[in-house]
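Letter by letter, the chains look like this.
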Amino acid sequence: MTGAGKTHTMLGDIYRASTGESGICSMAIDAIFSALHKNAEAAPRVKMSYLEIYNEQIKDLLVVRTARNSSLGLMVLEDPVFGVTVPDLSEHEVHNSAELLALVLKGNEARTMAATKGNQFSSRSHAILQIAVQAVGDSNGTSEILMSKLSLVDLAGSEKAGDPKGIRMMEGGKINRSLLALGNCINILSDKTKSNTSFVPYRDSKLTRLLKDSLGGNTKTVMIGCVSQMPCHHDETINTLKYAERAKKITKKVTKNVKEVEGSIEQYKDIIKDLRAEILALKEKMQVGIGSYTPQTIPTDELELIDAEIAKMKDIKAKYQAEVLNSKEEEVQALDMYNSICTEDERYISKLSHDLLIKYEEHYEIKESIQELVEINEKNSKLLQQHEEELNGLETQKPQSNKDIEKKLGEMGALK
């Protein structure tokens with residue numbers, strides 16, 4: 001719910017560091033760089049991105065907004081290697097916690113805030129701060145690349161539909177819709193009888209699509225529920241506690257994100273270098289002996305050694321070329337898969353637009369048919385009413401004509 005202290009919990013009082021009220025973000029950033037400094041030989045690289053979801057549109061908080069990009073949201077794609085990504089989202093490499101916190105402050109200044117009935121400084125969007133760390137290690141002669149990503153999410157608070165008006169009502173509706181989609185995903189994932197068989201509707205909202213890995217992927221997830229002690233917020237407090245209780249029931253098996261890189265390529269380079277040095281030494285030795293004997297007088301065992309070394313070098317070169325070729329083929333396959341996924345998404349959007357257009361035309365034709373039936377019904381009702389009036393007029397005229405006939409007969413009898 002709004003006004004319960006979610007943003008303060010995540011960010012703390014970052015504008016007044018002297019107060020000592022650090023939020024989850026600043027404490028996590030300090031912990032990350034403290035751990036990386038202790039393992040500096042791993043050559044870690046830290047990148048960050050900061051976005052918000054406002055009215056179901058993704059905005060980059062670290063890019064200056066212009067009239068051109070302020071109304072357009074960023075696209076979300078599912079990469080077969082990196083999972084759910086935002087391709088046009090800017091990434092910034094940082095080297096210490098001060099640089100990262102400065103970017104967080106810059107992003108917060110661009111975040112959408114507004115005053116509501118429940119909170120004077122209410123967050124009108126969901127904010128997601130992502131910190132990616134990549135380090136290189138060595139295990140049993142094989143290079144390992146350890147990759148990790150920390151997503152710090154500040155959700156906007158839900159509101160009652162009757163409280164805000166105008167644009168605040170539209171914002172509240174979008175916020176409640178995304179939180180409802182998040183609750184539906186949590187309900188399915190927390191139910192052990194459904195989590196492995198049921199479909200999880202991550203695509204119902206941009207928020208759930210971006211949090212797909214956090215909810216059901218290879219991640220550890222922590223949810224902090226902020227509640228209010230005010231009696232008027234009793235219902236929202238109960239709903240928040242139920243929300244968090246269901247999230248606690250989600251169970252996952254988490255493993256390290258490690259990518260092994262064979263060290264054989266580097267070894268092959270060293271071997272080739274040594275072999276070239278040996279060949280140069282043998283050539284120099286042959287040049288020195290040219291004046292005293294002909295090439296036919298070179299010892300057979302020495303020639304065999306040279307041939308063996310050359311054959312060995314050729315084999316190693318062939319293996320190295322095969323390794324390089326395989327890596328290029330994998331890159332081409334990944335690019336083709338990415339392009340095919342983009343094409344499938346475009347086809348899906350085109351089909352969805354075509355279906356919506358057909359449904360709109362059908363709805364418009366049905367509406368016109370109903371309007372015509374209403375007009376015909378009104379016309380028939382008027383005709384029926386007119387006929388009834390004419391019939392009533394005939395019935396009233398009949399007795400009058402009978403009386404006239406009797407009167408005339410009486411007059412005729414008197415005349416006789």
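Nothing here was measured: the structure is a model prediction, and the numbers come from that model.

Participant: What is the right way to read the pairing of strand β2 (residues 57-60) from this model?
Facilitator: Looking along a regular strand, one sees the side chains alternate between the two faces of the sheet. Relative to β2, strand β1 (residues 45-54) runs antiparallel, the two sharing four bridges. Considered in β2, the bridge of Leu 51 is made with Asp 60. Joining the antiparallel neighbours β1 and β2 is a turn of two residues, in which Asn 55 adopts a positive phi near 55°.

Participant: Explain the packing of helix α2 (residues 24-38) against helix α3 (residues 97-109) to me, please; I cannot follow it from the model alone.
Facilitator: Packed helices, taken two at a time, are described by the angle between their axes plus the distance between the axes. Between α2 and α3, the least distance of the axes is 9 Å, while the angle of their chain directions is 155°. Taken together, α2 and α3 sit at an angle that is classed as roughly antiparallel. Both α2 and α3 take part in a crossing whose hand is right-handed. Here Ser 26, Ile 29, Asp 30 and Phe 33 of α2 lie close against α3, whose contacting residues are Ser 97, Leu 100, Leu 101 and Val 104.

Participant: Looking at this model, I keep getting lost on the nonpolar core. Mind explaining?
Facilitator: Side chains of a nonpolar character, in soluble globular proteins, are inclined to be buried together. With 26 residues, the main nonpolar core has Leu 51, Ile 53, Ile 58, Ile 128, Ile 186, Leu 210 and Leu 215 as its most contacted residues. Put simply, the parts of the chain that give this core at least two residues each are β1, α4 (167-190), α5 (206-210) and α7 (234-248). With seven residues, the single largest contributor to this core is α4. With sequence-adjacent residues up to four places away left out, Leu 215 is seen in contact with Leu 182, Cys 185, Ile 186, Leu 189, Tyr 202, Ile 250 and Lys 252. Core analysis: the second largest hydrophobic core is formed by 22 residues, Met 10, Leu 11, Leu 36 and Leu 100 among them.

Participant: How should α7 be read in this particular structure?
Facilitator: Since one α-helical turn is 3.6 residues long, residues separated by three or four positions face the same way. Taking 1.5 Å per residue, 15 residues should reach 21 Å; α7 reaches 22 Å between its end C-alpha atoms and fits that length. If you check which residues of α7 are buried, you get Glu 236, Thr 237, Thr 240, Tyr 243, Ala 244 and Ala 247. Looking straight down α7, one finds its buried side chains confined to an arc of 120°; they lie on one side. Summarising the contacts, the buried residues of α7 are in contact with α4.

Participant: Whenever I open this one, α2 confuses me. Can you help?
Facilitator: The first and last C-alpha atoms of α2 sit 21 Å apart over 15 residues, in line with the 21 Å expected at 1.5 Å per residue. When we look at burial in α2, the residues that qualify are Cys 25, Ser 26, Ala 28, Ile 29, Ile 32, Phe 33 and Leu 36. Relative to the axis of α2, the buried residues are bounded by an arc of 165° and lie together on one face.

Participant: Honestly, the confidence of the model for the protein chain in this entry has me stumped. Any pointers?
Facilitator: Low pLDDT means the predicted atomic positions in that stretch should not be read closely. Across the protein chain, the average pLDDT comes to 78, with 77% of residues at 70 or higher. Looking over the protein chain, one finds the lowest element-wise mean pLDDT in strand β10 (residues 258-261), namely 65, and the highest in strand β5 (residues 92-94), namely 93.

Participant: Would you take a moment to explain the side chain of Ser 190 for this structure?
Facilitator: Its location among the elements puts Ser 190 in helix α4. Judged by its relative accessible area of 12%, Ser 190 is buried. Polar side-chain contacts of Ser 190 include one of 3.1 Å to the backbone oxygen of Asn 187.

Participant: Would you take a moment to explain the environment of Arg 246 for this structure?
Facilitator: Examined against the element boundaries, Arg 246 turns out to sit in helix α7. Put simply, Arg 246 and Ser 190 are 56 residues apart on the chain and 6.0 Å apart in space, counted from C-alpha to C-alpha. If near-sequence neighbours (up to four positions away) are discounted, Arg 246 is found in contact with Ile 186, Asn 187 and Ser 190.

Participant: Looking at this model, I keep getting lost on the packing of α4 against α7. Mind explaining?
Facilitator: Between α4 and α7, whose axes approach to 8 Å, the crossing angle comes to 40°. The angle between the axes of α4 and α7 places the two elements in the oblique class. Considering how the two elements wind past one another, α4 and α7 form a crossing that is left-handed. Between α4, through Leu 179, Leu 182, Gly 183, Ile 186, Asn 187 and Ser 190, and α7, the contact on the second element is made entirely by Tyr 243, Arg 246 and Ala 247. In the contact of α4 with α7, the residues fall into five nonpolar, three polar and one charged.

Participant: What exactly am I supposed to notice about the pattern of salt bridges here?
Facilitator: Think of it this way: side chains of opposite charge can pair up when their charged atoms draw near. Applying the stated criterion to the full structure yields seven salt bridges. A salt bridge links Glu 93 to Arg 45; its shortest N-O distance comes to 3.3 Å. Taken together, the residues Glu 93 in strand β5 and Arg 45 in strand β1 connect sequence positions 48 residues apart. Residue Arg 45 is classed as partly exposed on the basis of its relative accessible area of 41%. Put simply, Glu 78 and Arg 203 hold a salt bridge, and the shortest N to O gap is 3.9 Å. Placement of Glu 78 in strand β3 (residues 77-79) and of Arg 203 in the loop between α4 and α5 is noted, with a sequence separation of 125 residues between them. Several salt bridges converge on common partners, so that one network encompasses Glu 78, Arg 203, Arg 209 and Lys 212.

How each quantity is defined
Residues numbered from 1 in each chain as written. Predicted model: local features only at pLDDT ≥ 70, side-chain atom pairs only at ≥ 80, totals over all residues. Heavy atoms only, no water. Pairing = 2+ DSSP bridges. Helix = DSSP H or I, 4+ residues; strand = E, 2+ residues; numbered from the N terminus. Axes fitted to C-alpha atoms, helices over the stretch in contact; angles between N-to-C directions. Parallel < 35°, antiparallel > 145°, perpendicular 65-115°, else oblique. Left-handed = near helix turned anticlockwise from the far one by under 90°. Contact = heavy atoms within 4.5 Å. Core = buried A, V, L, I, M, F, W, Y, C linked by side-chain atoms within 4.5 Å. Buried < 20%, exposed > 50% of the residue type's maximum accessible area, 1.4 Å probe, protein only. Expected span 1.5 Å × (residues − 1). Arc of directions from axis to C-beta. pLDDT = per-residue confidence, 0-100. Polar contact = N/O pair within 3.5 Å; in protein donor to acceptor, adjacent residues only side chain to side chain. Nonpolar A, V, L, I, M, F, W, Y, C, P; charged D, E, K, R; others polar. Salt bridge = Lys/Arg side-chain N within 4 Å of Asp/Glu carboxyl O.

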